[in-house]
Amino acid sequence: MKLTGNVILITGGATGIGFALAESFVRLGNEVIICGRRKSKLDEAKKKLTNIHTIRCDISKDQDRRLLYRRVIKNFKQLDILVNNAGIQRQIDFKKGMTDLKGKDDEIVINFKAQVQLAAQFIPLLIKNKDEAAIVNVSSGLAFVPLAIYPVYCATKAAIHSFSMSLRHQLKDTPVKVFEVVPPMVHDTELKGRPVQKSEISVSASEVAKAVTEGLKNNEYEIAVGTTKNWVATAKRDFGQAFLNINT
Ligand SMILES: NC(=O)c1ccc[n+]([C@@H]2O[C@H](COP(=O)([O-])OP(=O)(O)OC[C@H]3O[C@@H](n4cnc5c(N)ncnc54)[C@H](OP(=O)(O)O)[C@@H]3O)[C@@H](O)[C@H]2O)c1
């Protein structure tokens, strides 16, 4: 995949992995658009990376997604790479029934439904590219083995993995390549809403971005980062044992 001279849209690009990707793509000579809900974070990102384009958008809202599409068409006329990166993570205790789930089911909409909608919305535009284009879906090591304290999050990431496989197959005769990024625990993002201790199993957001640019260049469709390489292999070999290992 050619990684220069593209127009790239990154959802959730103001922080964490999304911002690290934005930095890498700008450095490689691409036009980068990031979106997110918080204006303060978009402004901060723009201060650090003055030549990015920011669009305020809540991808879980139909109207915001439509506006995002119109803004991309109006200002850039084309799109080469869509990075479906925005996501949230919630601990949910189903023993508490609706009490704990209440107000937390936005995970399904943000992590899965919105990604599906954005893919459908942008694929006709991506297909117009004469040479190549891409959709990059960010899943997680937890797509392959769920960590039970995040039951819905893991299910949405498993759904993204499955969806990416089907999309890749459907689009195989088009210019649109479908990549899946499988990060391990990342210690410098806002996903958990609290600082995450750096450890031997974690990586930084910029390490994820480095692995992604390498993976895209080499047309590696499932980009497992750091420890997720072993993780995914173990899960494929002995899922039951892998599940017990992380849940006990
Ligand atoms: N951190 C990890 O350990 C880890 C591991 C594996 C996979 N991942 C995945 O990596 C991706 C990026 O996460 P991250 O770790 O970099 O966390 P992050 O720093 O919290 O980034 C997530 C971004 O998504 C945006 N976002 C959330 N909901 C949105 C919505 N409804 N509309 C538009 N933007 C929205 C957030 O901005 P606003 O809140 O301002 O909208 C934020 O900028 C996620 O899909 C996550 O599941 C992370």
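Residues numbered from 1 in each chain as written. Predicted model: local features only at pLDDT ≥ 70, side-chain atom pairs only at ≥ 80, totals over all residues.

Comments concerning the overall build of the chain
Step number 1: Scanning the chain from N- to C-terminus turns up nine helices and nine strands.
Step number 2: A globule of 248 residues ought to have a C-alpha radius of gyration of about 18 Å, and the chain, at 17 Å, matches this closely.
Step number 3: Oriented by its inertia axes, the alpha-carbon framework of the chain measures out at about 50 × 35 × 35 Å.
Step number 4: Expressed as a percentage of its 248 residues, the buried residues of the chain come to 40%.
Step number 5: Partitioning the intrachain contacts of the chain with sequence separation of at least 6 by distance along the chain shows that 66% fall at a separation of at least 24. (Helix = DSSP H or I, 4+ residues; strand = E, 2+ residues; numbered from the N terminus. Rg over C-alpha atoms; globule rule 2.2 N^0.38 Å. Buried ≥ 20, exposed ≤ 12 C-beta atoms within 10 Å, placed from the backbone. Contact = placed C-beta atoms within 7 Å.)

Here we look at the pairing of strand E1 (residues 7–11)
In the case of a regular strand, side chains alternate between the two sheet surfaces.
Step number 1: Buried residues dominate E1, accounting for four of its five residues.
Step number 2: Note that the unit made of E1, helix H1 (residues 16–27) and strand E2 (residues 31–36) has a crossover that is right-handed.
Step number 3: The sheet contact formed by E1 and strand E4 (residues 81–84) spans three bridges and is parallel. Note that in E4 the partner of Ile 8 across the bridge is Ile 81. (Right-handed = clockwise from strand over helix to strand, strands pointing away. Pairing = 2+ DSSP bridges.)

A short note on helix H6 (residues 151–170)
Step number 1: Here H6 contains 20 residues, and its C-alpha end-to-end distance of 29 Å stays within 8% of the 28 Å for a straight helix at 1.5 Å per residue.
Step number 2: Among the residues making up H6, those that are buried are Val 152, Tyr 153, Cys 154, Thr 156, Lys 157, Ile 160 and Ser 164. (Expected span 1.5 Å × (residues − 1).)

Some details on the site of the ligand
Step number 1: For the ligand, the set of nearby residues contains 30 residues, the closest of which are Gly 12, Gly 16, Arg 37, Gly 87 and Thr 189.
Step number 2: Among the elements of the structure, H1, E2 and strand E7 (185–186) are those that each provide at least two residues to the shell around the ligand.
Step number 3: In terms of residue count, the dominant contributor to the shell around the ligand is H1 (three residues).
Step number 4: Grouping the amino acids of the shell around the ligand by side-chain chemistry returns 13 nonpolar, twelve polar and five charged. (Near = placed C-beta within 6 Å. Nonpolar A, V, L, I, M, F, W, Y, C, P; charged D, E, K, R; others polar.)

So, the sheet that holds E1
Step number 1: Here seven strands make up an open sheet; going across it, the order is E3-E2-E1-E4-E5-E6-E9 and the pairing parallel. Two strands bound the open sheet, and with one partner strand each, they are strand E3 (53–56) and strand E9 (222–224). This sheet shows a mean twist of 15° between the axes of neighbouring strands, independent of strand direction.
Step number 2: Packing of helix H3 (residues 62–76) onto the sheet brings it into contact with E1, E2 and E3, and relative to E2 it is tilted by some 160°.
Step number 3: Here helix H5 (residues 106–127) sits on the sheet and contacts E1, E4, strand E5 (133–138) and strand E6 (176–182); the angle it forms with E4, its principal contact strand, is near 175°. (Axes fitted to C-alpha atoms, helices over the stretch in contact; angles between N-to-C directions.)

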